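Structural overview for review
If you want the building blocks of each chain, they are given just below.
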2 protein chains.
Amino acid sequence: MQISQRNSGRGPGRLTVVSTGPGFPEYLAPKARVALDAAQVVAGYRTYVDLIRPLLQGQEVVATGMKAEMERCRAAVDLALKGRRVALISGGDAGIYGMAGLVLEICAARRLKIAPPDTEKEVDFHLEVIPGIPALAAAAALLGAPLMHDFVAVSLSDLLTPWETITRRLELAAQGDFVIVLYNPQSKRRNWQLGAVRDLLLKHYAPETPVGLVRRAMRAGQDVAITTLGKMSDHEVDMQTIIIVGNSQTYVYGPYMITPRGYLGKYEVSSEQLEKIC
Amino acid sequence: MQISQRNSGRGPGRLTVVSTGPGFPEYLAPKARVALDAAQVVAGYRTYVDLIRPLLQGQEVVATGMKAEMERCRAAVDLALKGRRVALISGGDAGIYGMAGLVLEICAARRLKIAPPDTEKEVDFHLEVIPGIPALAAAAALLGAPLMHDFVAVSLSDLLTPWETITRRLELAAQGDFVIVLYNPQSKRRNWQLGAVRDLLLKHYAPETPVGLVRRAMRAGQDVAITTLGKMSDHEVDMQTIIIVGNSQTYVYGPYMITPRGYLGKYEVSSEQLEKIC
């Protein structure tokens with residue numbers, strides 16, 4: 001612990017992990033905007049920082065490259081320890097494969113005393129996470145309503161998780177007829193995974209199962225496609241693509257992918273009854 | 001199909017499913033606000049409609065009770081067919097156990113020709129879903145970072161899904177060491193389920209596994225608690241509570257619940273390495 005970096009006398013600092021949502025600034029919550037305005041320092045991945053620059057009013061900026069997540073989280077923590085108000089930005093939702101976890105892991109490893117704002121006064125700094133619209137919700141909205149029933153989110157990145165754990169989870173999800181959201185489906189190094197995932201899921205799901213692919217949701221270069229599980233790996237995907245694999249109930253209607261709410265066919269929502277009612 | 005209700009000559013109507021996020025209006029995306037402003041009619045569950053009333057400027061309002069989901073979706077569709085601009089509001093994210101699916105199911109059952117705005121001109125009406133911050137992201141933010149690794153979302157409501165399907169999914173999720181998000185954990189009628197879920201999960205997860213309970217996130221009456229799987233069903237929960245059950249890696253640090261990003265202990269984020277680096 002670096003005592004010399006500790007704040008002295010100006011009251012505790014504040015570290016706010018700010019989710020910026022899928023598209024900026026149309027999907028930035030007013031609460032996130034307030035946190036940016038109140039910050040003295042804004043830290044983040046260079047690409048995201050550049051997107052919010054038009055909103056900044058003289059805040060100090062700490063922008064780092066894609067693989068420097070640890071570096072910018074540590075910088076944000078150090079600045080908050082010095083008593084500053086820091087906003088650490090994270091695309092989508094900071095709590096889903098975003099920056100919230102790493103910041104908290106660093107605080108825990110350093111045994112820092114942290115608490116939400118407006119609670120304890122005797123802290124090293126106050127820490128708050130502001131949620132945002134996750135990439136999975138943005139992708140689902142562009143596809144229609146594919147997530148209307150139970151779903152799983154699985155990252156295909158095997159940098160921090162063994163590939164065996166990832167495939168076991170996908171296998172179990174498919175046994176449970178879950179809708180499956182795939183994060184980080186492919187990188188330049190991992191260009192073989194999507195075919196492996198397709199083959200694995202085909203053991204449980206029909207080749208005609210609808211699959212939605214959404215790249216850069218609500219941003220320049222947005223691309224939305226609906227295909228089938230059998231053809232899933234024919235499409236071009238990258239680390240910015242979210243893939244949603246439907247379950248046994250999912251169907252395509254025009255440009256929309258729909259997972260019905262119910263399995264029972266009772267209540268008002270079975271399609272036969274809908275025909276009568278509507 | 002009610003041809004008499006069809007729009008005649010004023011150009012196609014528009015139905016926008018507007019997610020209002022967890023707390024209103026701090027978490028309402030600017031894009032959602034624009035859709036509300038542009039609407040001629042706002043439809044929704046009475047409680048949510050009342051929350052947004054201060055934002056309305058003379059729009060017609062269709063407010064219905066909690067179980068009248070079908071009624072208000074059908075009303076929204078009928079109004080859009082008449083050429084009107086309709087905003088159907090949905091709390092949290094409309095695409096996760098929200099209104100987006102039912103609207104699309106109705107359109108499909110009626111064989112209506114629908115498409116996103118700014119695409120095809122020859123439609124019965126244009127339909128768009130605006131995503132919002134889901135309850136699971138709001139709850140996760142208040143708890144810290146419990147969703148930083150692969151997770152499942154499961155609704156415990158057995159109104160439209162057989163209880164056997166629900167428990168089978170929970171069993172598979174637990175086998176996969178997923179973080180588990182429970183929606184609709186209890187109602188007055190279903191007051192026995194949470195104990196059953198605890199017993200089921202205890203077959204795979206330790207009794208000390210952290211569990212977060214969040215009620216009315218970012219709204220009046222917000223309640224955030226962290227407990228353990230063994231004690232989960234001792235807490236008071238209702239239909240507005242989101243429960244997040246950690247996985248084998250999840251830990252509690254002060255008032256925060258943290259699921260680490262990695263299983264490998266390599267990269268920079270193992271706690272041993274963090275101690276050295278930080």
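Attention in this report is confined to the structure presented alongside it. (Residues numbered from 1 in each chain as written. Chains lettered and ligands numbered in written order. Predicted model: local features only at pLDDT ≥ 70, side-chain atom pairs only at ≥ 80, totals over all residues. Heavy atoms only, no water.)

Another point: the sheet that holds strand 3 (residues 60-64) of chain B. All names here are of chain B. Taken together, the six strands give an open sheet; going across it, the order is 3-2-4-1-6-5, and neighbouring strands pair in parallel fashion. The sheet terminates laterally at strand 3 and strand 5 (114-115), the two strands that pair on one side only. Here strand 1 (residues 13-19) runs beside strand 4 (residues 85-90); their pairing, made up of six bridges, is parallel. The residue of strand 4 that forms the bridge with arginine 14 is arginine 85. In the packing of helix 1 (residues 30-38) onto the sheet, contacts are made with strand 1, strand 2 (41-45), strand 4 and strand 6 (125-130), and the angle to strand 1 comes to roughly 140°. (Pairing = 2+ DSSP bridges. Helix = DSSP H or I, 4+ residues; strand = E, 2+ residues; numbered from the N terminus. Contact = heavy atoms within 4.5 Å. Axes fitted to C-alpha atoms, helices over the stretch in contact; angles between N-to-C directions.)

Enumeration over the complete set of coordinates arrives at seven aromatic pairs over all chains. Residues tyrosine 97 of chain A and tyrosine 183 of chain A carry aromatic rings whose centres are separated by 4.7 Å and whose planes lie at 55° to one another, so their mutual orientation is tilted. Remark: tyrosine 183 of chain A occurs in strand 9 (residues 179-183) and tyrosine 97 of chain A occurs in the loop between strand 4 (85-90) and helix 4 (100-109); sequence separation between them is 86 residues. Judged by its relative accessible area of 8%, tyrosine 183 of chain A is buried. Geometrically, the ring pair formed by tryptophan 163 of chain B and tryptophan 192 of chain B is edge-to-face, given 5.0 Å between the ring centres and 80° between the ring planes. Linking tryptophan 163 of chain B in helix 6 (residues 163-175) with tryptophan 192 of chain B in the loop between strand 9 (179-183) and helix 7 (193-201), this pair joins segments that are 29 residues apart in sequence. Given the relative accessible area of 16%, tryptophan 163 of chain B is considered buried. Judged by its relative accessible area of 42%, tryptophan 192 of chain B falls in the partly exposed class. The side chain of arginine 169 of chain A reaches across the aromatic face of phenylalanine 178 of chain B, ending 5.4 Å from its centre. (Phe/Tyr/Trp six-rings, centres within 6.5 Å; stacked < 30°, edge-to-face > 60°. Buried < 20%, exposed > 50% of the residue type's maximum accessible area, 1.4 Å probe, protein only. Lys NZ or Arg CZ within 6 Å of the ring centre and 35° of its normal.)

All names here are of chain B. In this structure the tally under the stated criterion is zero disulfides over all chains. Unpaired in this structure, cysteine 73 has its nearest cysteine sulfur neighbour in cysteine 107, at a distance of 9.3 Å. We classify cysteine 107 as buried; its relative accessible area is 0%. (Disulfide = S-S within 2.5 Å.)

With that settled, consider the sheet that holds strand 8 (residues 151-155) of chain B. Pairing in this open sheet of 10 strands is mixed, and the strands run 11(A)-10(A)-12(A)-9(A)-8(A)-8(B)-9(B)-12(B)-10(B)-11(B) from one edge to the other. Lying at the two open borders of the sheet, with one neighbouring strand each, are strand 11 (223-228) of chain A together with strand 11 (223-228) of chain B. Adjacent strand axes in the sheet meet at a mean angle of 15°, parallel and antiparallel pairs treated alike.

The subject of this paragraph is the interface of chain B and chain A. On the chain A side, the residues contacting the 88 residues of chain B number 88 residues. Taking both partners together, chain B and chain A bury about 8000 Å²; carbon and sulfur atoms supply 64% of that area. In terms of surface lost to chain A, no three residues of chain B exceed Glu105, Leu160 and Arg169 of chain B, which account for 10% of the buried area on that side. There are six salt bridges connecting chain B and chain A. For the pair chain B and chain A, the interface holds 30 residue pairs in polar contact (both at pLDDT 80 or more). Sort the elements by how many residues they give to the side of chain B that touches chain A and helix 4 (residues 100-109) of chain B lands first, with nine residues. In the sheet, strand 8 (residues 151-155) of chain A pairs with strand 8 of chain B via three bridges, with the strands oriented antiparallel. If you follow alanine 153 of chain A over to strand 8 of chain B, its bridge partner there is phenylalanine 151 of chain B. (Buried area = accessible area lost by both parts, 1.4 Å probe. Salt bridge = Lys/Arg side-chain N within 4 Å of Asp/Glu carboxyl O. Polar contact = N/O pair within 3.5 Å; in protein donor to acceptor, adjacent residues only side chain to side chain.)

A word on helix 5 (residues 135-143) of chain A. Of all nine residues making up helix 5 of chain A, seven are buried, and the element is well covered by its neighbours. Looking one or two places after helix 5 of chain A, you find glycine 144 of chain A, whose phi comes out positive at around 120°.

Attention shifts here to the pattern of salt bridges. Opposite charge on two side chains lets them pair, provided their charged atoms get close. Under the counting rule described, the total for this entry stands at 20 salt bridges over all chains. The closest approach of N and O atoms between aspartate 199 of chain A and arginine 198 of chain A, which form a salt bridge, is 3.0 Å. One salt bridge in this structure joins glutamate 171 of chain B and lysine 203 of chain B, with 3.4 Å as the shortest N-O distance. With glutamate 171 of chain B in helix 6 and lysine 203 of chain B in the loop between helix 7 and strand 10 (210-215), the pair connects residues that are 32 residues apart, well separated along the chain. When its relative accessible area of 60% is taken as the criterion, lysine 203 of chain B is described as exposed.

Here the focus is empty space enclosed by the protein. All told, the structure shown has one cavity of 30 Å³ or more when counted by the stated rule. Taken as a whole, the largest cavity encloses approximately 60 Å³ of empty space. Looking at the lining of the largest cavity residue by residue, the class counts come to five nonpolar, three polar and one charged. (1 Å grid on protein atoms, 1.4 Å probe; cavity = no way out; pocket = protein on both sides within 12 Å on 5 of 7 lines; lining within 4 Å. Points joined across faces, edges and corners; volume = space filled by probe spheres on them. Nonpolar A, V, L, I, M, F, W, Y, C, P; charged D, E, K, R; others polar.)

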